Amino acid sequence: MTLSPEFHAHLRHELQGIRDAGLYKAERIIATPQGAHIRTVLPDGSSREVFNLCANNYLGLSSHPDVIAAAHDALRTHGYGLSSVRFICGTQDLHKTLEGRLSRFLGTEDTILYAAAFDANGGLFEPLLGEQDAVISDELNHASIIDGIRLCKAKRYRYRHNDMADLQRCLEEAASEGARYKLVFTDGVFSMDGTIAQLDVMRALCDRHNALLGVDECHASGFMGATGRGTHEHRGVFGKVDIITGTLGKALGGASGGFTSARREVVELLRQRSRPYLFSNTVAPSIVGASIAVLDLLEGSTALRDKLADNTQYFRAAITKAGFDIKPGEHPIVPIMVYEAAQAQQLAARLLELGVYVVGFFFPVVPKGQAHIRVQVGAVHERADLDQALAAFTQAGRELGLVA
Ligand SMILES: *Cc1c(COP(=O)(O)O)cnc(C)c1O
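Each chain carries its own residue numbering, running from 1 in the direction its sequence is written. A pLDDT threshold of at least 70 governs which residues receive local features in this predicted model, and a stricter bar of 80 or more applies before side-chain atom pairs are shown or counted, although totals over entire chains, interfaces and linings include all residues. Only hydrogens and water are set aside when side-chain values are computed; all heavy atoms of the structure are taken into account.

This part takes up the overall build of the protein chain. The helix and strand labels rest on DSSP assignments: H or I over at least four residues marks a helix, E over at least two residues marks a strand, and numbering proceeds from the N terminus. Of the regular secondary structure elements, the protein chain holds 16 helices and 15 strands. Radius of gyration: C-alpha atoms only; globule rule: 2.2 Å multiplied by the number of residues to the exponent 0.38. The C-alpha atoms of the protein chain give 22 Å as radius of gyration, which agrees with the globular expectation for 404 residues (22 Å, within 12%). Referenced to the eigenvectors of the C-alpha coordinate spread, the extents of the protein chain come out at roughly 60 × 60 × 55 Å. Accessible area is worked out with a 1.4 Å probe on protein chains only. A residue is then buried under 20% of its type maximum, exposed over 50%, and partly exposed in between. Looking at the 404 residues of the protein chain, the share that counts as buried comes to 50%. In the protein chain, the proportion of contacts linking residues at least 24 apart, taken out of those at least 6 apart, comes to 68%. Working note: accessible area of the protein chain is about 18,700 Å², and carbon and sulfur atoms make up 53% of it. In the protein chain, 41 side chains carry a positive charge and 46 a negative one; their mean positions are 1 Å apart. Residue contacts are counted whenever heavy atoms from the two residues lie within 4.5 Å of one another. Residue-level accessible areas treat just the shown protein chains as cover; the underlying method is Shrake-Rupley with a 1.4 Å probe. Counted as positive: Lys and Arg. Counted as negative: Asp and Glu, with His and the chain ends omitted from the count. By convention, the charge on Lys lies at NZ, on Arg at CZ, on Asp at CG and on Glu at CD.

Here it is as structure tokens:
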């Protein structure tokens, strides 16, 4: 045992504090590939088949046969890994192909791959902005954006969540405080409740105030908008956002990897200066090959995003009809409001017994009194399964006195 007794005791104390605050995150073990039906292993070692409504597997590509086949192909043709960062000897033809394909899909000039979207956001702001500049951020932006902004010297401004008047206030304040360049940055879709950023309004505001607009598309790329390009397409500003970051770990395949997509010179400077790119290993060829196959699928047909949109509409209407309160919207993230933290936990636990896997969110992840169950609808979900899940919601909701 190498830890000093004092440090060991300190760690145990910290962990107990997390448990006492009810914030300890236990991980559920899954013994199958990701999909609509998964088998979870329970603490007693037994296992249970459940209908999964909490993956970011929006298009069902995590276990799609074409995607798996493409990963196998790339493994055969390009090996298991590069054992290098990109600029030493880690750039294969496949990586350049994927960057080009992502640029085309997103309507940008160039794209740079990262090991994760967390790294794309973490390495975005510091190379682009200096202390004379301003970065203006939605207060509920993702942790990786917050961390990325912390690493840069630009002056920080924060506007109230999705509040365009408050964004305008920040833009005016930054201008009056002499900002050289201003970058407004937002999640395209906010993951807690599926709120969709008003990119059209934001673009107009940014134009009026001579600001750049950047968006994190992790919960949008692949399915938002008529052809799945993202929030910019959904809001009618395709090709008009200055910087897009995103993940390959959600709708676009579900393995891992991230990217930043923008004007050529933005990407060029990131390749020179972005630390998570310069000092972290190349994305594995199997993931890159599979991601190209994902884009082939999505550019060839809108069937998957259309099915996702249908399922989303169906589930939102049906759960409302069942008497539950949801936050209205269009995104496959459906927040089912329970308000009280204890009831959200009870509802999730009862649903698991009934074979439906969902997760409750409560303070401090969401504000006090706003506890909810976050359902994520996917293209892998069949109507009959959704109907069964809805019946389970109704039964559990009645038992807990949440619906009549
Ligand atoms: C999931 C997520 C990320 C992180 O993506 P990874 O590729 O898993 O690192 C970043 N931003 C947002 C908004 C996300 O939802």
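From this point on, the discussion continues.
We now examine the site of the ligand. Whether a residue is near a molecule or strand depends on its heavy atoms: it is near if one of them lies within 4 Å of it. As a matter of local geometry, the ligand sits amid 13 residues, with Ala117, Phe118, Asp216, Thr247 and Lys250 nearest to it. A 3.5 Å cut-off defines polar contacts: any pair of N or O atoms within that distance qualifies, except that in protein one atom must be a possible hydrogen donor and the other a possible acceptor, and neighbouring residues in sequence count only when both atoms are side-chain atoms. Between the ligand and the protein, one listed contact pairs an oxygen atom with a backbone N or O atom of Phe118 at 2.9 Å. A distance of 2.6 Å separates a nitrogen atom of the ligand from a polar atom in the side chain of Asp216. For the ligand, whose accessible area on its own is 380 Å², the fraction buried by protein is 82%.

Empty space left among the atoms is revealed by rolling a probe the size of a water molecule over them. Of the grid points, spaced at 1 Å and generated over the protein atoms alone, those admitting a 1.4 Å probe that cannot get out make up cavities, while open sets with protein on both sides within 12 Å along at least five of seven lines make up pockets; any residue with an atom within 4 Å of a point is treated as lining. Grid points are joined across faces, edges and corners, and a volume is the space filled by probe spheres set on the points. Counted by the stated rule, this structure contains two cavities of 30 Å³ or more. Considering only enclosed or pocket space, the largest cavity measures out at about 70 Å³ in volume. In terms of lining, the largest cavity is formed by Arg86, His95, Leu113, Tyr114, Ala115, Pro276, Tyr277, Ser280, Asn281, Thr282 and Val283. Of all elements in the fold, only β4 (110-114) and α12 (275-278) reach the threshold of two or more residues within the lining of the largest cavity. Throughout, the ten residues Ala, Val, Leu, Ile, Met, Phe, Trp, Tyr, Cys and Pro are labelled nonpolar, Asp, Glu, Lys and Arg are labelled charged, and all others, Gly among them, are labelled polar. Its residues assigned to classes, the lining of the largest cavity comprises six nonpolar, four polar and one charged.

If DSSP finds at least two bridges between two strands, the strands pair. Strand order in the open sheet formed by four strands is β1-β2-β3-β13, with mixed pairing between adjacent strands. Every other strand in the sheet has two partners, leaving β1 (29-30) and β13 (356-357) as the edge strands with one partner each. Alignment of strand β2 (residues 37-41) against strand β3 (residues 47-52), held across five bridges, turns out to be antiparallel. Bridge pairing in β3 links Thr40 to Arg48. As a rule, the C-alpha atoms of each element are fitted with a line to give its axis, helices using only the stretch in contact, and angles between N-to-C directions run from 0 to 180 degrees. The strands touched by helix α16 (residues 383-399) are β2, β3 and β13; relative to β3, the strand with the most contacts, the crossing angle is about 105°.

Right, let's get into the layout of surface pockets. Of the voids in this model, the largest pocket is the one considered here, and its volume is about 1,000 Å³. As for the largest pocket, its lining consists of 28 residues, of which Tyr24, Lys25, Ala26, Val359 and Gly360 are closest to the centre. Elements supplying a minimum of two residues to the lining of the largest pocket: α15 (341-353) and β14 (359-361). With five residues, α15 is the single largest residue contributor to the lining of the largest pocket. Considering only residue class, the lining of the largest pocket consists of 19 nonpolar, five polar and four charged. Considered as a void within the structure, the second largest pocket measures approximately 620 Å³ in volume.

Here His209 shows up in the loop between α9 (199-208) and β8 (212-216). Linking His209 and Gln168, residues 41 residues apart in sequence, is a C-alpha distance of 8.6 Å.

Those residues of α9 lying buried are Leu199, Met202, Arg203, Leu205 and Cys206. Within α9, the buried residues cover an arc of 165° as seen down the axis, which keeps them to one side. Exposed and facing more than 90 degrees away from the buried side of α9 are Asp207 and Arg208. Looking at the buried positions of α9, the neighbouring elements they touch are β6 (155-159), α8 (164-176), β7 (182-187), β8 and α10 (231-234). Directly beyond the C-terminal end of α9, a positive phi value near 50° is found at Asn210. As used here, the arc is the angular range of directions from the helix axis to the C-beta atoms.

Attention shifts here to unusual backbone geometry. Omega for the peptide link from Phe363 to Pro364 comes to 10°, which places this bond in the cis form. In the Ramachandran plot, Asn162 falls in the positive-phi region, its phi being about 60° despite a non-glycine side chain. Tracing the chain through its elements places Asn162 in the loop between β6 and α8. Not every positive phi belongs to a glycine, and Tyr339 is a case in point at roughly 75°. Take Tyr339: its relative accessible area is 34%, and that puts it in the partly exposed class.

For Phe, Tyr and Trp, rings pair up if their centres lie within 6.5 Å, where Trp contributes its six-membered ring, and each pair is then called stacked (planes under 30 degrees apart), edge-to-face (over 60) or tilted (otherwise). Under the counting rule described, the total for this entry stands at five aromatic pairs. A connected cluster of aromatic rings, assembled from ring pairs, spans Phe315, Phe324 and Phe393. Looking at Arg19, its charged tip hangs above the ring of Tyr24, at a distance of 4.4 Å from the centre. Cation placement over rings: the criterion is NZ of Lys or CZ of Arg within 6 Å of the ring centroid and within 35° of the ring normal. One cation-aromatic arrangement involves Arg383 over Tyr314; the distance from NZ or CZ to the ring centre is 3.9 Å.

Within this analysis, patches are made of residues with over 30% relative accessible area and no salt bridge. Like charges are joined at 9 Å or less; nonpolar side chains (Val, Leu, Ile, Met, Phe, Trp, Tyr) at 5 Å or less. When a carboxyl oxygen of Asp or Glu is within 4 Å of a side-chain nitrogen of Lys or Arg, the pair counts as a salt bridge. Nonpolar side chains collect at one region of the surface, where Leu15, Ile18, Leu23 and Tyr24 lie side by side and expose about 330 Å² of accessible area between them. Position of Ile18 among the secondary structure elements: in helix α1 (residues 5-20).

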